Amino acid sequence: MNWDDTPDTDAAERPAGPPAERLVGSVADHEDQAVEAALRPKDLGEFIGQEKVREQLDLVLRAARARGATADHVLLSGAPGLGKTTLSMIIAAEMGAPIRITSGPAIQHAGDLAAILSSLQEGEVLFLDEIHRMSRPAEEMLYMAMEDFRVDVIVGKGPGATAIPLELPPFTLVGATTRAGLLPPPLRDRFGFTAHMEFYEPAELERVVHRSAQLLDVEIEADGAAEIAGRSRGTPRIANRLLRRVRDYAQVKADGIITREIAGAALAVYEVDARGLDRLDRAVLQALLKLFGGGPVGLSTLAVAVGEERETVEEVAEPFLVREGLLARTPRGRVATPAAWAHLGLTPPGAPGRGNGQQDLFGA
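Residues numbered from 1 in each chain as written. Predicted model: local features only at pLDDT ≥ 70, side-chain atom pairs only at ≥ 80, totals over all residues. Heavy atoms only, no water.

Attention now goes to the overall build of the protein. The number of helices and strands found in the protein is 15 helices and 9 strands. Counting across all 364 residues of the protein, residues that qualify as buried make up 46%. Taking all contacts inside the protein whose residues are at least 6 apart in sequence as the whole, residues at least 24 apart take part in 71%. (Helix = DSSP H or I, 4+ residues; strand = E, 2+ residues; numbered from the N terminus. Buried < 20%, exposed > 50% of the residue type's maximum accessible area, 1.4 Å probe, protein only. Contact = heavy atoms within 4.5 Å.)

As structure tokens, this is what we get:
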């Protein structure tokens, strides 16, 4: 039985909802941006994790330096907070070149892109974040710029319009995207090197936490770093954010030293559980399990049950729950997995001592 009265549609066809301000959110706020600037590694040797990407990128950059040429265009894809911006800055540093940073949403017209490209220096790195959100006219101009280092500037309108070719100095474009599938094939094919950023393992995040703690002058024990890493959802940005909040707790409530007990107590205050779920994640699971017997239930009904917008549940909460194996998306609606029941300490309907599920749910 589907508990929803509206059909689910493909998430890629809808715009993402506004990012929620969550401690475990992967979107960087102003505080994150300021702290990340101080914590960013300066070269590939300092960069933690992404072993295959680092090894492949190192070969690309070393070969380019040996030839005395600009590096190939690079496309980095993956979830927010995994280090795409950091790698773009490392590419510029390794090549000894300046970097220009902009984003797809900021380029709405071909003229915007032409102005940026025409001002680039030879060998400069242009970092284009959220490249999949660039306008189509600018995208088509980028094809020629990447391949031939040339753009055609249109002067005038109608039959009297004239295309003036503008030669560009060789440059390296580093594109970053969280949704590589939205990039048109002609654009993807013009990148000489593409890499997908994977989520981090807990051991890698422990190294990230230790390094950040040292830079922030925070004393942390090994088990404290492990506790933070285990709740960081595989994302260095979240690990650094949790570290700062635990540091605050340790300074106010303890002697400033982060241990496992201090880290656990601090994150309990911020409602981040041992698996990295926060209030919204648990609200979705509790509604799914307690109100709808584990599903299937439609997205709109589930969103109403937790008092959130449909897009917030789908874009903010669901991806992590699905990745953790706590929730499944099916054609009939959302369904909880046995791991979800176990995580919340509940017994699934139909289990020994629980009857047949739906009767138990409505008290019959």
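Read on for the rest.
Ranked by internal contacts, the top residues of the largest apolar core, which has 48 residues, are L57, L87, I220, I228 and I258. By residue number, the principal contributor to this core is helix 9 (residues 236-253), which donates 7 residues. Residues contacting I220, with those up to four places away along its chain left out, are V209, H210, A213, A225, I228, L243 and I258. (Core = buried A, V, L, I, M, F, W, Y, C linked by side-chain atoms within 4.5 Å.)

So, on to the packing of aromatic side chains. Per the stated rule, a full pass over the model turns up 1 aromatic pair. Geometrically, the ring pair formed by F149 and F171 is edge-to-face, given 5.5 Å between the ring centres and 80° between the ring planes. Of this pair, F149 sits in the loop between helix 5 (136-148) and strand 4 (150-155) while F171 sits in the loop between strand 5 (162-167) and strand 6 (172-177), and the two are 22 residues apart along the sequence. You can call F149 partly exposed: its relative accessible area is 22%. Its relative accessible area of 1% is what places F171 among the buried residues. The ring of F320 carries the charged tip of R233 above its face, separated from the ring centre by 3.8 Å. (Phe/Tyr/Trp six-rings, centres within 6.5 Å; stacked < 30°, edge-to-face > 60°. Lys NZ or Arg CZ within 6 Å of the ring centre and 35° of its normal.)

Here we take up a nonpolar patch on the surface. A surface patch of nonpolar side chains, amounting to about 200 Å² of accessible area, comprises V153, I164 and L166. Within the secondary structure, V153 is located in strand 4. (Patch = residues over 30% accessible without salt bridge, like charges linked within 9 Å, V, L, I, M, F, W, Y side chains within 5 Å. Areas by Shrake-Rupley, 256 points an atom, 1.4 Å probe, with all protein chains shown as cover. Salt bridge = Lys/Arg side-chain N within 4 Å of Asp/Glu carboxyl O.)

Side-chain direction in a regular strand flips from residue to residue, so the side chains alternate between the two faces of the sheet. Most of strand 6 sits inside the fold, with 6 of its 6 residues counted as buried. The two faces of strand 6 match: T172, V174 and A176 on one face and L173, G175 and T177 on the other face are all buried. Direction of pairing for strand 3 (residues 125-129) relative to strand 6: parallel, over a ladder of 4 bridges. Across the sheet, the residue bridging to F127 is V174, located in strand 6. (Pairing = 2+ DSSP bridges.)

What follows deals with unusual backbone geometry. At E130, a position not held by glycine, the phi torsion is positive, near 50°. Position of E130 relative to the elements: it lies in the loop between strand 3 and helix 5. Positioned with a positive phi, D217 is a non-glycine residue whose angle comes to about 60°. Note on placement: D217 falls in the loop between helix 7 (202-215) and helix 8 (222-230). According to the relative accessible area criterion, D217 is exposed, its value standing at 73%.

To continue, consider helix 8. Considered for burial, the residues of helix 8 that qualify are G224, A225, E227, I228 and A229. At its buried positions, helix 8 is contacted by helix 7, helix 9 and helix 10 (260-269).

What follows deals with the confidence of the model for the protein. For the protein, per-residue confidence averages 82 on the pLDDT scale, and residues scoring 70 or more make up 85% of the total. Every residue in residues 1-20 scores below 50 in pLDDT, and together they form 44 contacts with partners more than four places removed in sequence or on other chains. Here residues 354-364 scores under 50 on pLDDT; set against residues more than four positions off or in separate chains, the count is 16 contacts. (pLDDT = per-residue confidence, 0-100.)

Following the sequence through the fold, E124 ends up in the loop between helix 4 (110-118) and strand 3. Within polar-contact distance, the side chain of E124 engages the side chain of R100 at 3.2 Å. (Polar contact = N/O pair within 3.5 Å; in protein donor to acceptor, adjacent residues only side chain to side chain.)

Our focus in this paragraph is the sheet that holds strand 2 (residues 99-103). With respect to topology, 5 strands assemble into an open sheet ordered 2-3-6-1-7, the strand pairing being parallel. Each edge of the open sheet carries a strand with a single partner, namely strand 2 and strand 7 (193-196). Looking at each pair of strands side by side, their axes are set apart by 15° on average, direction ignored. Across 4 bridges, the pairing between strand 1 (residues 74-77) and strand 6 is parallel. The residue bridging V74 from the neighbouring strand is V174, located in strand 6. (Axes fitted to C-alpha atoms, helices over the stretch in contact; angles between N-to-C directions.)

Turning our attention to the pairing of strand 2. Note: strand 2 against strand 3, 5 bridges, orientation parallel. Bridged to T102 within strand 3 is L128. Read as a crossover between parallel neighbours, the route from strand 2 over helix 4 to strand 3 is right-handed. (Right-handed = clockwise from strand over helix to strand, strands pointing away.)

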